[in-house]
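# Inside the fold
Listed below are the residues making up each chain.
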Amino acid sequence: MRILVTNDDGILAPGLWALVRELVPFGEVWVVAPDREQSGIGTALTLLQPLRVHEFTYAPVPDVHAYAVQGTPSDCVVLALEHLVPDAECVFSGINAGANLGDDALLSGTVAAAFHGYFRGLPSFAISLMGIRAPQFEASARLGGLLAQLVAQGQLREPFVLSINLPNIPWEELRGIEITHLARRTYRDEVVETRDAWGRPQYWLRRGTPKWEEEEGTDVWAVRQQRVSITPLHSNLTVLEVTPGLLQAREVLGQHLTPPELLPPFDPNWVRRAGRIMGVGTEEAAHPDEVALGDAGSSEP
Ligand code: MN
């Protein structure tokens, strides 16, 4: 069995290799991982520039194929499953240093990478550890090995992603395993303004204090109980319940579906002109008089 391993913390992250070491007994491991940290990148794919790939010759685990990709975790999985190792039979993503609980499942590059395995019908696992500062990867890695063993035995071929979160404690202190659902764990993101070397403002997005909802049965609840949380995920985000507010909105919107008043067309030259100023989409150099306008905004491709 060929096992694809990736992560979003980058190919130098210790959590990746702790996992790889436990997977090696159960298959031929192929590591295809970002060449740098990509946490928070979600399911992003790089579609507008090429991906550069370097064979990674510094693997701390022997007998492993390893490639560093100048791209996102999702790029890595697509590149691997479509080109480098198309006969991989399962996908592991992690071990992430930091939990991916609740709403973070939508932001996490770790979980997203597993989704790209799931999109291709493979058993796919995202493993995240609740320990950013002093992660103890041993228990998570061991669990990963046991999961790979189950897959190798023909089990656990479920048609969904398993997003697994562990508390940052040793194996013998784990108090059980729970099949969970996502909590409503949301962050209040902070915007931090700093100045660049020229004194211009720039902004950092920083995760603020998380708001926890610890309802029993959720992933947050499980890890708080020092248990392993296994959350089955699929990609259908649809809410099946139709609310009165939604029905009312459809009613109101429907009343406005009268023949539209035609708005005047945009000046056909504005895209060309803006592109020239921004130095994109045209061979012509910007006229110096126009450069000052260049910070004004962006253009759709
Ligand atoms: Mn990460």
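Calculation notes
Residues numbered from 1 in each chain as written. Predicted model: local features only at pLDDT ≥ 70, side-chain atom pairs only at ≥ 80, totals over all residues. Heavy atoms only, no water. Core = buried A, V, L, I, M, F, W, Y, C linked by side-chain atoms within 4.5 Å. Buried < 20%, exposed > 50% of the residue type's maximum accessible area, 1.4 Å probe, protein only. Contact = heavy atoms within 4.5 Å. Pairing = 2+ DSSP bridges. Helix = DSSP H or I, 4+ residues; strand = E, 2+ residues; numbered from the N terminus. Axes fitted to C-alpha atoms, helices over the stretch in contact; angles between N-to-C directions. Donors = N, O, S within 2.8 Å, 3.2 Å for Na, K, Ca; no water. Polar contact = N/O pair within 3.5 Å; in protein donor to acceptor, adjacent residues only side chain to side chain. Parallel < 35°, antiparallel > 145°, perpendicular 65-115°, else oblique. Left-handed = near helix turned anticlockwise from the far one by under 90°. Nonpolar A, V, L, I, M, F, W, Y, C, P; charged D, E, K, R; others polar. Phe/Tyr/Trp six-rings, centres within 6.5 Å; stacked < 30°, edge-to-face > 60°.

### What about the nonpolar core?
Core analysis: the biggest nonpolar cluster contains 37 residues, and Val5, Trp17, Val20, Val31, Phe92 and Ile164 have the highest contact counts within it. Discounting residues that sit within four places of it in the chain, Val5 has contacts with Leu16, Leu19, Val20, Leu23, Val29, Trp30, Val31, Val32, Phe92 and Gly94.

### Regarding the sheet that holds strand E1 (residues 2–6)
In space, the nine strands of this open sheet follow the order E3-E4-E2-E1-E5-E6-E7-E13-E8, with mixed pairing throughout. Across the chains shown, the open sheet's two edge strands, defined by having one partner strand only, are strand E3 (53–55) and strand E8 (177–179). Between one strand axis and the next, the sheet turns by 20° as a mean value, whatever way the strands run. Along the sheet face, helix H1 (residues 14–23) touches E1, strand E2 (28–34), strand E4 (65–69), strand E5 (90–97) and strand E6 (124–130) and points at about 140° away from the line of E5. Of the strands in this sheet, E1, E5, E6, strand E7 (161–167) and strand E13 (228–233) touch helix H3 (residues 109–119), which is tilted by about 170° from E6.

### Remarks on the coordination of the manganese ion
Taken together, the protein ligands of the manganese ion are Asp8 (OD), Asp9 (OD), Ser39 (OG) and Asn96 (OD1), with distances of 2.1 to 2.3 Å. All donors of the manganese ion come from a single chain, and their spacing in sequence reads D-D-x29-S-x56-N. Residue Asp9 is found in the loop between E1 and H1, and its partner Asn96 is found in strand E5; the two are separated by 87 residues along the sequence. You can call Asp9 buried: its relative accessible area is 17%. Residue class for Asn96 comes out buried when judged on its relative accessible area of 7%.

### Examining the environment of Arg195
On the secondary structure map, Arg195 appears in strand E10 (residues 190–195). Sequence separation of Arg195 and His65 is 130 residues, and the distance between their C-alpha atoms is 43 Å. Within the local environment of Arg195, its side chain forms a polar contact with the side chain of Glu193, the two groups lying 2.9 Å apart. One polar contact links the side chain of Arg195 to the main-chain carbonyl oxygen of Gly199, over a distance of 3.1 Å.

### Considering the packing of H1 against helix H4 (residues 138–152)
Running from N to C, H1 and H4 cross one another at 40°; their axes reach a closest spacing of 8 Å. By the criterion of interaxial angle, the relationship of H1 to H4 is oblique. Crossing of H1 against H4: the hand is right-handed. When H1 is examined against H4, the residues Ala18, Leu19, Glu22 and Leu23 are found in contact with a partner set consisting of Ala141, Arg142, Gly144, Gly145 and Ala148. The class makeup of the residues in the contact of H1 with H4 is five nonpolar, two polar and two charged.

### What about the side chain of Asn96?
Of note is the side chain of Asn96, whose polar atom sits 3.2 Å from the side chain of Thr110. Not counting chain neighbours up to four residues away, the residues in contact with Asn96 comprise Asp8, Asp9, Ser39, Thr110, Ile127, Ser128, Leu129 and Phe137.

### Quick word on the packing of aromatic side chains
Any two aromatic rings considered together are summarised by their centre-to-centre distance and by the angle between their planes. Applying the stated criterion across every chain yields a total of eight aromatic pairs. Note on Trp17 and Phe56: the rings are 5.9 Å apart at their centroids and 20° apart in plane angle, and the pair reads as stacked. Of this pair, Trp17 sits in helix H1 while Phe56 sits in the loop between E3 and E4, and the two are 39 residues apart along the sequence. With a centroid separation of 5.4 Å and 90° between ring planes, the pair formed by Phe115 and Tyr118 is classed as edge-to-face.

### Regarding helix H2 (residues 73–84)
Three or more residues of H2 are buried, namely Pro73, Ser74, Asp75, Cys76, Val77, Leu79, Ala80 and Leu81. Contacts made by the buried residues of H2 are with E1, E2, E3, E4, E5 and H3.

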